[in-house]
Amino acid sequence: MSRVIIIGCGGVAQVAIHKCCQLDSVFTDLCIASRTIEKCDKVKKELEGKTKTNITTCKIDTNNFDELVKLFKEYKPEIVMNLGMPYQNLIIMDACLECNCHYLDTAAYEPEDVNEPNWRKDYERRVKEKNFTAYFDYKYQWEYDKKFKEKGLIALLGCGFDPGVTQAYVAYAKKHEFDRIDTLDILDCNGGDHGYPFATNFNPEINLREVSSEGAYYENGKWISVPAMSIKKEYNFDGVGMKDMYLLHHEEIESIAKNYPEIKRIKFYMTFGESYLRHMNCLENVGLLSTKAIDFNGQKIVPIQFLKALLPDPASLGPRTHGKTNIGCIFRGVKDGKEKTYYIYNMCDHQESYKEVGSQAVSYTTGVPAMCGAMLILKKIWTTPGSKTVEEFDPDPFIEALDKYGLPKTESYNPVMVD
Ligand code: NDP
């Protein structure tokens, strides 16, 4: 018996809700709390009669601490799964501490307005000191470690696919395959086609902010920054074929570098098609990716939020997306004194995901790990309190759960290396 609140009812949350309801012996009581209650009610209606999970819904504004505390005190969840926006991670973590419940999310905190003066000052100092240029940064959530530990609670950070499963792959590789890992390349390929000239597969604001930022990788204890999309490689992905991929900064690089200091170089690549990049460059050039509010006919408008309203909702892409995703990690290192390479990845089919839960594979590959992480906390298999990323927990039960609940691993002991 468990009581769980899922915050958000977008692409990722809808998959997690479906998966929790499939596992109704663990997720017995579920509250879907989000901004647009109609979306929550629609999902509840779709699932009723197909699951034993008792579903309730609630309208909430996650910017409002008092509203969060009121809901958490009334519902008394054991865990809150924050599958909304990363802008509200800290406020939701505070509410979890106040109400003594575990916390889980799928993206590192970043501020909604990156021009907010106090945050900007801190950011510019970090860029100067560490050459670490991303807007997202685990520092803010790691600062909660002591508070969660003191209460015996877990804040599980970034429990989607990447971040999330990619870090479990690192912990798994270190546990079973290597005495020492030297290099890591994380490869995120979406070979899916939704038929639109331009659409993002997850929240457009977060996606476009991530992709249009400077690229970066970690080498010998230092961040190396490169202009956005300036490092391009080709890779032949299992289940997908040959794709162009570009070096990006991604949040798990920061936590893996901290937790596995032996790894000398960590890089992250994501595939993009020509059309996506052309549209993104154009949108950036005309100012539509800006997070700074402008006055328009007496109204304040944040350009990237306006753009989000124009683009297809990622949660609506399911029926029209065909093809597969392939996400995984390629390692080089040493086992028993011998040099070795190893590749562990998952392939996920957009249409199969749609048939199972009504969503495309990018939402599926994020919502399933979120459900698995919550399940391990509820079953008391992952018990270490604190504010932690996925690689800090035993990877075996997580990888086993992913194998069982829809994201099985494939392994290769002779992979084509990126460099
Ligand atoms: P969506 O935009 O589809 O969903 C976001 C949901 O949050 C919506 O239901 C939205 O409400 C709700 N929401 C936003 N602001 C508020 C608020 N102030 N109060 C209450 N509810 C709010 O995003 P996705 O589902 O695509 O992504 C969800 C998260 O998952 C993001 O943080 C994203 O970065 C992360 N992600 C992580 C991945 C990983 O592998 N780790 C991969 C993909 C995504 P409304 O319905 O009214 O808009």
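Within each chain, residues carry numbers counting from 1 in the order of the written sequence. Per-residue local features are limited, in this predicted model, to residues with pLDDT of at least 70; the limit for side-chain atom pairs, both in listing and counting, is 80 or more; totals at the level of whole chains, interfaces and linings are taken over all residues. Excluded from the side-chain calculation are hydrogens and water; included are all heavy atoms of the structure.

*Asks:* Describe the overall build of the protein, listing the residues and the values that go with them.
*Replies:* Numbering goes from the N terminus for both helices and strands, where a helix is a DSSP run of H or I of at least four residues and a strand is a run of E of at least two. Tallying secondary structure elements over the protein gives 15 helices and 18 strands in all. Over its C-alpha trace the protein gives a radius of gyration of 20 Å, about what one expects of a compact globule, namely 22 Å for 419 residues. The principal-axis extent of the C-alpha atoms belonging to the protein is close to 55 × 55 × 45 Å. Any residue under 20% of the maximum accessible area for its type is buried, any over 50% is exposed, and the rest in between are partly exposed; the area is computed with a 1.4 Å probe on protein chains only. Within the protein, the fraction of its 419 residues that count as buried is 59%. Residues are treated as being in contact if the distance between any of their heavy atoms lies within 4.5 Å. Partitioning the intrachain contacts of the protein with sequence separation of at least 6 by distance along the chain shows that 74% fall at a separation of at least 24. All accessibility values rest on the Shrake-Rupley procedure with a 1.4 Å probe; residue burial counts only the protein chains present in the view. As displayed, the protein offers around 17,400 Å² of accessible surface, 50% of which is attributable to carbon and sulfur atoms. Put simply, the radius of gyration uses C-alpha atoms, and a globule should come to 2.2 Å times the residue count raised to 0.38.

*Asks:* Now, about the nonpolar core: what can you tell me, with residues and values included?
*Replies:* We call a set of buried Ala, Val, Leu, Ile, Met, Phe, Trp, Tyr and Cys residues a nonpolar core when their side-chain atoms join them within 4.5 Å. Core analysis: the biggest nonpolar cluster contains 129 residues, and Ile6, Phe27, Phe72, Met81, Phe331 and Phe398 have the highest contact counts within it. Counting residues per element, this core draws most heavily on helix H14 (residues 361–378), which supplies 11 residues. Two domains each put at least three residues into this core: domain 1 (3–157) and domain 2 (165–356). Discounting residues that sit within four places of it in the chain, phenylalanine 331 has contacts with Tyr169, Val170, Ala173, Phe178, Ile181, Thr183, Leu184, Lys340, Thr341, Tyr342, Ile344 and Met417. One finds Cys189, Tyr217, Tyr345 and Met417 within the second-largest nonpolar core, a separate group that totals 14 residues. Domain delimitation follows an automatic or database domain assignment.

*Asks:* Provide a residue-level description of the pairing of strand E10 (residues 232–237), including the pertinent values.
*Replies:* At least two DSSP bridges between two strands are required for those strands to pair. Across 6 bridges, E10 lies against strand E11 (residues 241–248) in antiparallel orientation. Paired with glutamate 234 across the strands is aspartate 244, a residue of E11. From the end of E10 to the start of E11, which pair antiparallel, there are 3 residues, and glycine 239 there has a positive phi angle of about 80°.

*Asks:* I'd love a proper account of the pattern of salt bridges, names of residues and values included.
*Replies:* Salt bridge criterion: a side-chain nitrogen from Lys or Arg within 4 Å of a carboxyl oxygen from Asp or Glu. Within the structure shown, the criterion is met by 30 salt bridges. Here aspartate 29 ties to arginine 3 by a salt bridge, and the two come within 3.8 Å at their closest N and O atoms. In this pair, aspartate 29 sits in strand E2 (residues 29–34) while arginine 3 sits in strand E1 (residues 3–7), placing the two residues 26 residues apart along the sequence. The closest approach of N and O atoms between arginine 209 and glutamate 110, which form a salt bridge, is 2.9 Å. One end of the pair, arginine 209, is in helix H9 (residues 204–212); the other, glutamate 110, is in the loop between strand E5 (102–105) and helix H5 (117–130), with 99 residues separating them in the sequence. A relative accessible area of 4% means that glutamate 110 is categorised as buried. Linked by salt bridges that have partners in common, Asp185, Lys233, Arg265, Lys267 and Asp419 make up one network.

*Asks:* Before we move on, can you summarise the sheet that holds strand E3 (residues 54–59) with the specific residues and values?
*Replies:* Taken in spatial order, the 7 strands of this open sheet run E3-E2-E1-E4-E5-E6-E17, and their pairing is parallel. What marks the edges here is a single partner per strand, and that holds for E3 and strand E17 (386–389). Strand-to-strand twist across the sheet, computed as the mean angle between neighbouring axes with direction ignored, equals 15°. As a rule, the C-alpha atoms of each element are fitted with a line to give its axis, helices using only the stretch in contact, and angles between N-to-C directions run from 0 to 180 degrees. Across the face of the sheet, helix H4 (residues 89–99) comes into contact with E1, strand E4 (79–82), E5, strand E6 (154–157) and E17 while running at roughly 160° to E5.

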